[in-house]
Every structure is written in C-alpha cells, then in structure tokens.
Amino acid sequence: MFEVAVIEDPAAAEASLDPVRSRLLAELARPASATMLAAKIGMPRQKVNYHLRALERHGLIELVEERRKGNTIERVMAATAASYVISPVALAAVAPDPARSPDQLSARWLLAVASRLVRDVGELVTGAAKARKRVATFAIDGQVRFASAADRAAFAERLAEVVTALAGEYHDETAEGGRVHRVIVALHPQVRTEISEVSEIKES
C-alpha cells in the first residue's frame, strides 16, 4: 500500500468523491470483505459490493485474498493507498495555469502554482511507481511569526534575493546530461485550526 496515491483519471476522481465510496476507502485502510463493511457502515451487502466493484475498476482498491465460506467465495479487499490526492490532470480543461497572470503577491496565483506542483509531482510519482524508482525531491515546511506587515515584506524580499542568488550559483545551462528542476518557495498566513488555537490558549 502506498502512503499517498495520485488520482489522474476523471472517472476515478468522481468515484473517490462519492460519499459512500469515500467512506469505504477509509475503512479499507485495513483489509475487509463486503460483509464486514456492510456491518460497519449499515448498508446492505449487495450495495456495498456495487460500490466496491466501482472502486476496484478504477484501481482505488485491490483484491487481497479470497476466502471460501460454504458454497460462496468471500473477496477481501484493501485500499491501494492510505490517502489519495486528486491531480488537476483530472480537470485538465479547467485546471489553473500560473502562466496566465503571474503575480507574486496574489493568493490565487499561489494557488495556481500549488496546483501545478500537485500535477507535476503527481505525474513523477506515478511514473516512478511504474518504473519502481524513487523521485528525488526536497521540501521545507516551517513557520515564521512576523511582528508586522513590514517585517513580512522585508522577509519576502530577502528570501527572493537569497533564492535567486543560490539558483544563479548552481544553474548550468550547458551542463551535458543535466536536468532542470523547478523551485517553488511559498509564504502564506497559517490557517488557524482547533489544535493550534488550543495550543495558543495553553501558552497564554
């Protein structure tokens, strides 16, 4: 089972977004049969089987084993991944394009860049899985608390200068056998969650 799987097929994306099938995917983090799932979610086994067949058809779940029970064979299924990401490829006709209106200070442009990141890394992960190879990537995820908007602006300006200088130091347009890598650096306000709010209350 993969930790994260990328859904690129529109039909598979539609199947995963169905509330019942989404619940079944979550339940199938551990192998289970239609009978076991029916008891868990309170739905007739025939309906569960219908949804399982759709999920299996799109490669979202797979057969783990078959058990004989009397005159019947019970199929035990499991999700192909612990979690799923729907790639913008699934909505190619309306996928955002960062090239349309590049604006470093636009939240919507950042969203378009993030969408492209999901698309590109998703394709790399899918290709690497087929070739049974790893994808060489690197990411930083951290927090900075600014005292003012002016400090935030100064930080962004300095960050751009440092990244530009570093890229210029290592970029080699003529390197034989070299491979272009995309560098994305983002800065946005942290979304407040119940966990972070509780932590702030305890700290104060």
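Residues numbered from 1 in each chain as written. Predicted model: local features only at pLDDT ≥ 70, side-chain atom pairs only at ≥ 80, totals over all residues. Heavy atoms only, no water.

Participant: I'm lost on the packing of helix H2 (residues 19-27) against helix H4 (residues 45-57) in this one. Help?
Facilitator: Any two packed helices are characterised by the angle at which their axes cross and by the distance between the axes. At a closest axis distance of 10 Å, the pairing of H2 and H4 adopts a crossing angle of 80°. In terms of axis orientation, H2 runs roughly perpendicular to H4. Residue-level contacts link Val20, Arg21, Leu24 and Leu25 of H2 to Val48, Tyr50, His51, Leu52, Ala54 and Leu55 of H4. When its residues are assigned to classes, the contact of H2 with H4 shows 8 nonpolar, 1 polar and 1 charged. (Axes fitted to C-alpha atoms, helices over the stretch in contact; angles between N-to-C directions. Helix = DSSP H or I, 4+ residues; strand = E, 2+ residues; numbered from the N terminus. Parallel < 35°, antiparallel > 145°, perpendicular 65-115°, else oblique. Contact = heavy atoms within 4.5 Å. Nonpolar A, V, L, I, M, F, W, Y, C, P; charged D, E, K, R; others polar.)

Participant: Looking at this structure, I do not really get the pairing of strand S3 (residues 61-69). What am I missing?
Facilitator: The side chains of a regular strand alternate, residue by residue, between the two faces of the sheet. Note that S3 and strand S4 (residues 72-79) share 8 bridges and pair antiparallel. Its bridge partner being in S4, Lys69 is matched across the sheet by Thr72. Counting the residues between successive antiparallel strands, the hairpin from S3 to S4 contains 2 residues, one of them, Gly70, with a positive phi of roughly 65°. (Pairing = 2+ DSSP bridges.)

Participant: Got a minute to help me understand the side chain of Thr80 in this structure?
Facilitator: Relative to the helices and strands, Thr80 resides in the loop between S4 and strand S5 (81-86). A polar contact is formed between the side chain of Thr80 and the backbone oxygen of Gly59, at a distance of 3.2 Å. (Polar contact = N/O pair within 3.5 Å; in protein donor to acceptor, adjacent residues only side chain to side chain.)

Participant: Would you explain the confidence of the model for the protein in this entry?
Facilitator: For residues with low pLDDT, the predicted coordinates do not support detailed interpretation. Mean pLDDT over the protein works out to 90, with 95% of the residues at or above the 70 mark. Looking over the protein, one finds the lowest element-wise mean pLDDT in helix H7 (residues 194-203), namely 52, and the highest in helix H6 (residues 149-170), namely 96. (pLDDT = per-residue confidence, 0-100.)

Participant: Even after reading the chapter, I still don't get the pattern of salt bridges, so can you show me in this structure?
Facilitator: A pair can form between side chains of opposite charge whenever their charged atoms are brought close. Across all of its chains, the model carries 8 salt bridges by this definition. The salt bridge partner of Arg75 is Glu66, with a shortest N-O separation of 4.0 Å. The class of Arg75 is partly exposed, set by a relative accessible area of 33%. Residue Glu66 is classed as partly exposed on the basis of its relative accessible area, which comes to 49%. As a salt-bridge pair, Asp120 and Arg182 come within 4.0 Å of each other at their nearest N and O atoms. Placement of Asp120 in helix H5 (residues 107-131) and of Arg182 in the loop between H6 and H7 is noted, with a sequence separation of 62 residues between them. (Salt bridge = Lys/Arg side-chain N within 4 Å of Asp/Glu carboxyl O. Buried < 20%, exposed > 50% of the residue type's maximum accessible area, 1.4 Å probe, protein only.)

Participant: Any chance you could explain the sheet that holds strand S2 (residues 32-33) here in plain terms?
Facilitator: Backbone-to-backbone hydrogen bonds join strands into a sheet, with any given pair of strands oriented parallel or antiparallel. Spatial ordering of the open sheet is given by S2-S4-S3, a layout of 3 strands whose pairing is antiparallel. Edge positions in the sheet fall to S2 and S3, since each has one partner strand and no second. Relative to S4, S2 is paired through 2 bridges, and the arrangement is antiparallel. From the neighbouring strand, Ser33 faces S4, where its bridge partner is Val76.

Participant: Even after reading the chapter, I still don't get helix H3 (residues 34-41), so can you show me in this structure?
Facilitator: Owing to its 3.6 residues per turn, the α-helix brings residues three or four apart onto one side. Within H3 the residues assigned to the buried category are Ala34, Leu37, Ala38 and Ile41. Here the buried residues of H3 occupy an arc of 105° about the axis, which is enough to place them on one side. In H3, the exposed positions that point more than 90 degrees away from the buried face belong to Ala39 and Lys40. Residues of H3 that are buried in the fold lie against H2, S2, H4 and S4. Positioned one or two residues after H3, Gly42 has a phi angle of 70°, which is positive. (Arc of directions from axis to C-beta.)

Participant: Mind showing me how you'd approach unusual backbone geometry here?
Facilitator: If a residue is not glycine, its phi is most likely negative; likewise, a peptide bond is most likely trans. Here Arg132, not a glycine, exhibits a phi torsion of approximately 55°, which is positive. Of note, Arg132 is situated in the loop between H5 and H6.

Participant: Just to check I follow, could you spell out the packing of H3 against H4 for this structure?
Facilitator: Between H3 and H4, the shortest axis-to-axis distance is 9 Å and the interhelical angle comes to 115°. Taken together, the axes of H3 and H4 are roughly perpendicular relative to one another. Crossing of H3 against H4: the hand is right-handed. Contact with H3, carried on its side by Ala34, Thr35, Leu37, Ala38 and Ile41, involves Arg45, Val48, Asn49 and Leu52 of H4 and no other residues of that element. Within the contact of H3 with H4, the residues separate by chemical class into 6 nonpolar, 2 polar and 1 charged. (Left-handed = near helix turned anticlockwise from the far one by under 90°.)

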